[in-house]
Amino acid sequence: MTGHPLRIGFIPLVDAAALIVAVDKGFAAAEGLDVTLVREVSWSNVRDKLNIGLFDAAHLLAPVAIASSLGLGHVKVPIVAPFNLGLNGNAITVSPALHAAIMGEIEGDRFDPMATALALSRVVAARRKSYAEPLTFGMTFPFSTHNYQLRFWMAAGGVDPDEDVRMVVLPPPYMVDSLASGHVDAFCVGAPWNSIAVDLGKGHILHFVSDILVCAAEKVLAVRSNWAEKNAEVLAALIRAHHRAVGFIKHRDNRAAVADMLAQPQRVGVPAEIIQRTLAGWLKISPDGAMRESSRYLVLGRDDAERPDPRQAAWLYAQMVRWGQASLGPDALKAAKAVFRPDLYDAALGGEAGAGQTGSDPLGAFAGPAFDGNDLPTYLAAFKIARRLP
Amino acid sequence: MAADPSPKIVIVDESPIRAAILEEGLREAGFAGVTHISEMHNLLARIYALDPDVILIDLENPSRDVLEQMFQVSRAVRRPIAMFVDQSDTASIQASVDAGVSAYIVGGLKKERVKPILDLCISRFNAFAKLQDELERTKSALEDRKIIDRAKGILMKLKGLTEDEAYVLLRSTAMREKKKIGEIAQSIVTASELLK
């Protein structure tokens, strides 16, 4: 008996773990699905192939799903996300030279993002005085959590990301080389690239993004909205397969097995040992061997992270407005929130469904007011550095 | 009024052969201003310096994401539009993704003028893929040829067969085992090396 055929696109990153384990550990087959995973080289490819129907589902940056649904900068194709593939997981890595400069200016705890952001603003000011080139920061996509997390962090310290530094898009596999060659001074990217930069002695991990936001939606399982309507049963089976996969991943005893699966060349294709460190949240942050542990570094499956929370979508939309990618309006906000579909998640899992994030502000940003998705104008007015569309 | 000048076209491709095939096709079709970029460092700066009307990039290139930055308002003077934004022509979008190429149109270049460029790209990309495929097949046929010759030699020596008889034996075994002759030949060569 053969299962229902599905083609799913992914980018080789550790937070594609649920997809990979669902297929390679047989959870998808057990749900009657015959999934072909297609490894892609760019988010543009994943988005376009999902949009035109070459993929049935995809591992997608949460903000890309929202941008596609709003038709920002591209074709308007409504996307829905019924399952979070991971929360957090990114880190900010800086070159040894920039690390030394920031540590030279820092007042306070070096893991406190406000202290590093203020130190960065002093570094930026000193460079301007000496007519040095502006610092360049690499991130993975204009509509990416990486872009918004970098901007949120530096702007809190008074650095304008569009005026005071350069922000450039770089494909993740090029990040480490670009840092080593001095093409960028820092970058924000997901696992495993930060660890690889540290292992090669080319960078220091300055922050886990969980220092900046306690909890941020990162990648989602994305499908076209009209596909979800026509294939409700298949989608429910796919959600259940992912739920089982995540149940497997979150067990400490399974970490080595998961790391081995992800390390395969046709999957993520980096050494299992680095993947294990990522899963454990136990990372080498400096070439001298200094380690740092955080249970919030990458959240896969724990704490009901898999259940989509529309407030996370609202926050991402607010960042698009803050940085001039989207206009502010109630209809767009509603459409952005409607991308995250806890109802589909609940329906697929019934009694097994997790409760999701609780608390009034699940984001937990280190600066600015608590996030209120119901009153974006007031929330956004609190940020002095911004780039609103007219 | 001045005649519409030939649009400036940039090809972003790390494969020099494919880029050459495409560039030649475009020139033959009368597009004179074609530039090929093969170096991905500082890609945006290179593109801005050339200020093209059309950018063509292969889909195997991770730097496609870099081009997406041009959609952002800040800094860029002229903003491009991805070919995919025009949903009226799904057939050609599908064809271009299948062929593995994507186009970005900068400024107000008219659709009628973009279409022939894109069609040419698709056919040249497909031609290149076919060429590559044929090359692969020729290579593997050559490999097979060599290994079959060695297996025939072993059979002739060990079983005192003529060359024709050795080949017939290989072929009939392959048919019986439902395998390719090359595979049977390979196992004979491997076995004889083990037993040396």
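Residues numbered from 1 in each chain as written. Chains lettered and ligands numbered in written order. Predicted model: local features only at pLDDT ≥ 70, side-chain atom pairs only at ≥ 80, totals over all residues.

Explain the overall build of chain A to me, and be specific about the residues and the numbers.
When you go through chain A residue by residue, the secondary structure sums to 17 helices and 13 strands. A globule of 390 residues ought to have a C-alpha radius of gyration of about 21 Å, and chain A, at 20 Å, matches this closely. Reported as C-alpha extents along the three principal axes, the dimensions of chain A are approximately 70 × 45 × 35 Å. Looking at chain A as a whole, 57% of its 390 residues are labelled buried. Counting contacts in chain A only where the partners sit at least 6 residues apart, residues at least 24 apart contribute 76% of the total. (Helix = DSSP H or I, 4+ residues; strand = E, 2+ residues; numbered from the N terminus. Rg over C-alpha atoms; globule rule 2.2 N^0.38 Å. Buried ≥ 20, exposed ≤ 12 C-beta atoms within 10 Å, placed from the backbone. Contact = placed C-beta atoms within 7 Å.)

Could you give an account of the pairing of strand β2 (residues 34-37) of chain B, with specific residues and numbers?
Residue and element names in this part refer to chain B. The sheet contact formed by strand β1 (residues 9-12) and β2 spans 4 bridges and is parallel. The residue bridging Ile9 from the neighbouring strand is Val34, located in β2. Tracing the backbone out of β1, into helix α1 (residues 16-28) and back to the parallel element β2 gives a crossover that is right-handed. (Pairing = 2+ DSSP bridges. Right-handed = clockwise from strand over helix to strand, strands pointing away.)

Tell me about the interface of chain B and chain A, residues and numbers included.
Taken together, the contacts link 21 residues of chain B with 23 residues of chain A. For the side of chain B that touches chain A, the secondary-structure elements that each account for two or more residues are α3 (64-68) and α4 (90-99) of chain B. The leading source of residues in the side of chain B that touches chain A is α3 of chain B, at 4 residues. Among the residues making up the side of chain B that touches chain A, the classes are represented as 10 nonpolar, 7 polar and 4 charged. (Nonpolar A, V, L, I, M, F, W, Y, C, P; charged D, E, K, R; others polar.)

So, the confidence of the model for chain B: which residues are in play, and what are the values?
Predicted coordinates in areas of low pLDDT are best not read in detail. When pLDDT is averaged along chain B, the result is 84; 87% of the residues meet or exceed 70. Predicted complex, confidence summary: ipTM 0.87, pTM 0.87. (pLDDT = per-residue confidence, 0-100.)

Tell me about helix α13 (residues 272-280) of chain A, residues and numbers included.
Residues and elements named next belong to chain A. When α13 is considered as a whole, its buried residues turn out to be Ile274, Ile275, Arg277, Thr278 and Leu279. Those residues of α13 that are buried are in contact with α9 (193-199), α12 (255-263), β11 (282-284) and β13 (298-299). Residue Gly281 follows α13 closely and has a positive phi angle near 65 degrees.

Talk me through the sheet that holds strand β5 (residues 90-94) of chain A; I want residue IDs and the actual numbers.
Residue and element names in this part refer to chain A. Spatially, β7-β6-β8-β5-β9 is the arrangement adopted by the 5 strands of the open sheet, whose pairing is mixed. Edge positions in the sheet fall to β7 (166-169) and β9 (204-208), since each of these pairs with one other strand and no more. Neighbour-to-neighbour, the strand axes of this sheet turn through a mean angle of 25 degrees, independent of strand direction. In terms of strand pairing, strand β6 (residues 136-139) meets strand β8 (residues 186-190) through 2 bridges, oriented parallel. Within β8, the position partnered with Phe137 by the bridge is Ala186. (Axes fitted to C-alpha atoms, helices over the stretch in contact; angles between N-to-C directions.)

Got a sec to walk through the sheet that holds strand β3 (residues 57-61) of chain A? Specific residues and values, please.
The mixed open sheet is built from 6 strands, whose spatial order is β2-β1-β3-β10-β4-β13 (chain A). In this open sheet, the two strands that pair with only one neighbour each are β2 (33-39) and β13 of chain A.

Break down the domain arrangement of chain A for me, with residues and values.
Residue and element names in this part refer to chain A. Its domain assignment divides chain A into domain 1 (4-87 + 218-269 + 302-381) and domain 2 (90-211). The C-alpha centroid of domain 2 is placed 26 Å from the C-alpha centroid of domain 1. Contacts between the two partners involve 17 residues from domain 1, matched on the other side by 15 residues from domain 2. Elements with a contribution of two residues or more to the side of domain 1 that touches domain 2: α4 (62-70) and α14 (310-322). (Domains from an automatic or database assignment.)

Tell me about the packing of α4 of chain A against helix α15 (residues 330-337) of chain A, and please be specific about residues and values.
Residue and element names in this part refer to chain A. Two numbers describe how α4 lies on α15: the axes approach to 9 Å, and their chain directions differ by 130 degrees. Relative to α15, α4 is oriented oblique. When the axes of α4 and α15 are compared, the crossing they make is right-handed. The residues of α15 that touch α4, namely those facing Ile66, Ser69 and Leu70, are Ala332, Ala335 and Ala336. When its residues are assigned to classes, the contact of α4 with α15 shows 5 nonpolar, 1 polar and no charged. (Parallel < 35°, antiparallel > 145°, perpendicular 65-115°, else oblique. Left-handed = near helix turned anticlockwise from the far one by under 90°.)

Any details on the nonpolar core? Residues and values, ideally.
Note that soluble globular proteins tend to have their nonpolar side chains buried in a common cluster. Within the largest apolar cluster, 175 residues are counted, with the highest numbers of intra-cluster contacts made by Ala81, Ala222 and Tyr317 of chain A. Considering each element in turn, this core owes the most residues, 9 residues, to helix α11 (residues 232-249) of chain A. Dropping the residues within four chain positions of it, Tyr317 of chain A is found in contact with Ile66, Ala326, Ala332, Leu333 and Ala336 of chain A. In terms of nonpolar packing, the next biggest core, distinct from the first, is built from 8 residues, Ile147, Ala151, Ala166 and Ile188 of chain B among them. (Core = buried A, V, L, I, M, F, W, Y, C linked by C-beta atoms within 7 Å.)

Would you mind going over the environment of Lys384 of chain A in detail, with residue names and values included?
All names here are of chain A. Mapping Lys384 onto the fold places it in the segment after α17 (376-381). Residue Lys384 is classed as exposed on the basis of its 8 C-beta neighbours within 10 Å. Spatially, the C-alpha atom of Lys384 lies 9.9 Å from that of Arg322, the residues being 62 residues apart in sequence.

Can you tell me about the environment of Gly368 of chain A, naming the residues and giving the values?
Inspection of the secondary structure assignment puts Gly368 of chain A in the loop between α16 (342-349) and α17. For the pair formed by Gly368 of chain A and Ala256 of chain A, sequence separation is 112 residues and the distance between their alpha carbons is 39 Å.

Explain the pairing of β9 of chain A residue by residue, including any values.
Residue and element names in this part refer to chain A. Burial within β9 is extensive, with 5 of its 5 residues counted as buried. As judged from the 4 bridges shared by β5 and β9, these two strands associate in the antiparallel manner. When the bridges of β9 are listed, Val94 appears paired with His204.

Explain the environment of Gly356 of chain A residue by residue, including any values.
All names here are of chain A. On the secondary structure map, Gly356 appears in the loop between α16 and α17. Given 18 C-beta atoms within 10 Å, Gly356 falls into the partly exposed group. Here the alpha-carbon distance between Gly356 and Asp304, two residues 52 residues apart in the chain, equals 4.8 Å.

How would you summarise unusual backbone geometry if you had to cite specific residues and measurements?
Residue and element names in this part refer to chain A. Here Ala191 and Pro192 are connected by a cis peptide whose omega angle stands at 10 degrees. Unlike most non-glycine residues, Tyr131 shows phi in positive territory, near 55 degrees. Its location among the elements puts Tyr131 in the loop between α6 (113-129) and β6. Judged by the 6 C-beta atoms lying within 10 Å of it, Tyr131 is exposed.

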